[in-house]
Amino acid sequence: MSPGYEFVGGFPTSETVRRVYHEIDLNRAVSAYRFFYPSVSIYTVYKGNLQSGAVANSTFVVVSDALRMRCFTPNSDTPYAGLLFDVSEGPMVLELPPGPLMGTVNDMNQLWVLDCGLPGPDHGQGGKHLLLPPDFDGPIPDGFNVGLGTTNRLLNLLRALPADGNLASAIDLVKTVKVYPLGASASVGRSWVDLDLSADYSPASIELGMGYWTLLDELIQREPANPEYKFAYADLAELGIVKGQPFEPDERLTEILVTAAEIGHAQLCVESFADRREERVVWPGTQWEWAVLRPENGTFDAGSYIDLYAREKWFYQAQIESPAMFGRAPGAGSLYWAATKDANGDYFDGSNTYRLTVPLPVPDKLFWSVTLYDAETRAEMVADQPSAALRSLVELTPERIGHDDHVDLFVGPDQPDAAVGRWLQTNARKGWFVYFRIYGPEQPAFDGTWQLPDFEKIG
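Residue numbers restart at each chain and count upward from 1, following the sequence in its written direction. Per-residue local features are limited, in this predicted model, to residues with pLDDT of at least 70; the limit for side-chain atom pairs, both in listing and counting, is 80 or more; totals at the level of whole chains, interfaces and linings are taken over all residues. Heavy atoms from the whole structure form the basis of all side-chain values; hydrogens and water molecules are not counted.

*Asks:* When you look at a nonpolar patch on the surface in this model, what are you seeing that I'm missing?
*Replies:* The grouping of V17, Y21 and I24 at the surface amounts to a nonpolar patch, some 260 Å² of accessible area in total. The way it works is that DSSP assigns letters per residue, a run of H or I at least four long becomes a helix, a run of E at least two long becomes a strand, and they are numbered from the N terminus. By secondary structure assignment, the location of Y21 is in helix α1 (residues 14–51). Patches here: salt-bridge-free residues with over 30% relative accessible area, like charges joined within 9 Å, nonpolar side chains (Val, Leu, Ile, Met, Phe, Trp, Tyr) joined within 5 Å. Each accessible area value is a Shrake-Rupley result obtained with a 1.4 Å probe; residue values ignore everything except the protein chains displayed when judging cover. In the sections that follow, a salt bridge refers to a side-chain nitrogen of Lys or Arg positioned within 4 Å of a carboxyl oxygen of Asp or Glu.

Structure below.
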């Protein structure tokens, strides 16, 4: 079909000029929306922590339970903490004690900086990690695991594995982590505050309007430019977002930006929840997908290009990147499988009841869990039941489920008979999806000798 552009003597008519510039600006805006979505997303996490009472380098947030937390695919498997860093005044030290801690640091472009604890170079033995400013060119002392981000502000998410299900002991362990400027005393006092559930930790509330672009401009103004993003900043510049300049879109551009947000969001949602890549499938013939399409390096680097499709799929439904989260080999990291459809290929509906039969034992070195998410918000499913997860550390211990060769789990609006402790409640007005997580996955999780069947609709 002809696009219908008109030219007279080789020159565009006034209507063609108007139409083409509209399309150029809209295309730029959609492209920029998709590319910078990870940056806006993690910036909302950083700001949410600030709203909770966190102060960079000194006051940190403890998350005892992520239910009702407005964040992409959080989980309540174990307590964890959010530690904010600002290295604009110089390098900061993150010192972990020995013990079952798992963590990663990302910058405000949601780019991986370093891992720490069990999946990091210290392997849970305790260690000092040095976080550097983007322009740092000074000497680096010995004895540190070094991380260099592209922004001054950094976010460390740190998980503690409880001993024998003791959540209080895990929180106590997190609070022994030390943060101090390079060269300062490690005894500098730090404080901890509880998560504020009224704060936003995801872009879900702003992703369809001008709030998205306003927050992106704020980030661009406050952080140094990433040299590798120059081509992407060019699109932003044509849309009025330029470092050092005010962002003042007129009525025409505002309309384009809002439309671009709606289109960009739809494209990300389709890529994430209707993935067309063949390699998404974990086990042929099932609906289970790899939540992350690229396992090689944790940064979506495919050698000669960055796999933007895989990057977009992940960051629409989740936050934080790390090699330890994405790898597909036995180790101390974690593994994520996702499902959005039942055995019939239909999207999960909160008004229906489903059964998942989990073969036992699950090939985990640490523990495993199943967590339910609201498809609209990508946060944990909120219903009358005070939990959106079933965990081998708590509800699904061997003592509670016995020693059979499988355990049946149920998901639906009402608890089936004899499903006490093995049921997750849905909201009948909501679509949902699920993550099956294995912490410390072992070889059968990767070689196909252990497999999950699909969810079966039973009511």
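*Asks:* I would appreciate a short explanation of helix α2 (residues 167–174) in the present structure.
*Replies:* Residues spaced three or four apart along an α-helix face the same direction, because each turn holds 3.6 residues. Note on classification: 1.4 Å probe, protein chains only; a residue is buried when its accessible area is under 20% of the maximum for its type, exposed when over 50%, partly exposed between these limits. When we look at burial in α2, the residues that qualify are A170, I171, L173 and V174. With its buried residues spanning 160° around the axis, α2 presents them on a single face. Any pair of residues with heavy atoms lying within 4.5 Å of one another is described as a contacting pair. Packed against the buried residues of α2 are β3 (59–63), β4 (80–86), β6 (101–107), β10 (153–160) and β12 (191–194). Relevant arc is that of directions from the helix axis to the C-beta atoms, nothing else.

*Asks:* How should I be thinking about the sheet that holds strand β15 (residues 354–359) in this particular structure?
*Replies:* Sheet strands pair via backbone hydrogen bonds, and the direction of the pair is either parallel or antiparallel. Should DSSP find at least two bridges between two strands, the strands are regarded as paired. Strand order across the open sheet formed by four strands is β19-β18-β15-β21, with mixed pairing between neighbours. Every interior strand has two partners, whereas the edge strands, β19 (423–425) and β21 (456–457), have only one. Sheet analysis places β15 next to strand β18 (residues 406–412), joined by six bridges and oriented antiparallel. Paired with P359 across the strands is H406, a residue of β18.

*Asks:* Is there a simple way to explain the pattern of salt bridges in this structure?
*Replies:* Side chains bearing opposite charge may pair, as long as their charged atoms lie close to each other. For the structure on display, the rule yields 22 salt bridges. The salt bridge involving R19 is made with E23; its shortest N-O contact spans 3.1 Å. In this pair, R19 and E23 are both assigned in helix α1, four residues apart and thus about one turn of the helix distant. A relative accessible area of 25% places R19 in the partly exposed class. Note that R294 is salt-bridged to D307, the shortest N-O span being 2.9 Å. Here the residue R294 occupies a position in the loop between β13 (289–290) and α6 (308–317), and D307 occupies one in the loop between β13 and α6, the gap between them amounting to 13 residues. By relative accessible area, R294 is classed as buried at 16%. Here D307 falls in the buried class, since its relative accessible area comes to 2%. One network of salt bridges, with partners in common, ties together R277, E279, R294, E296 and D307.

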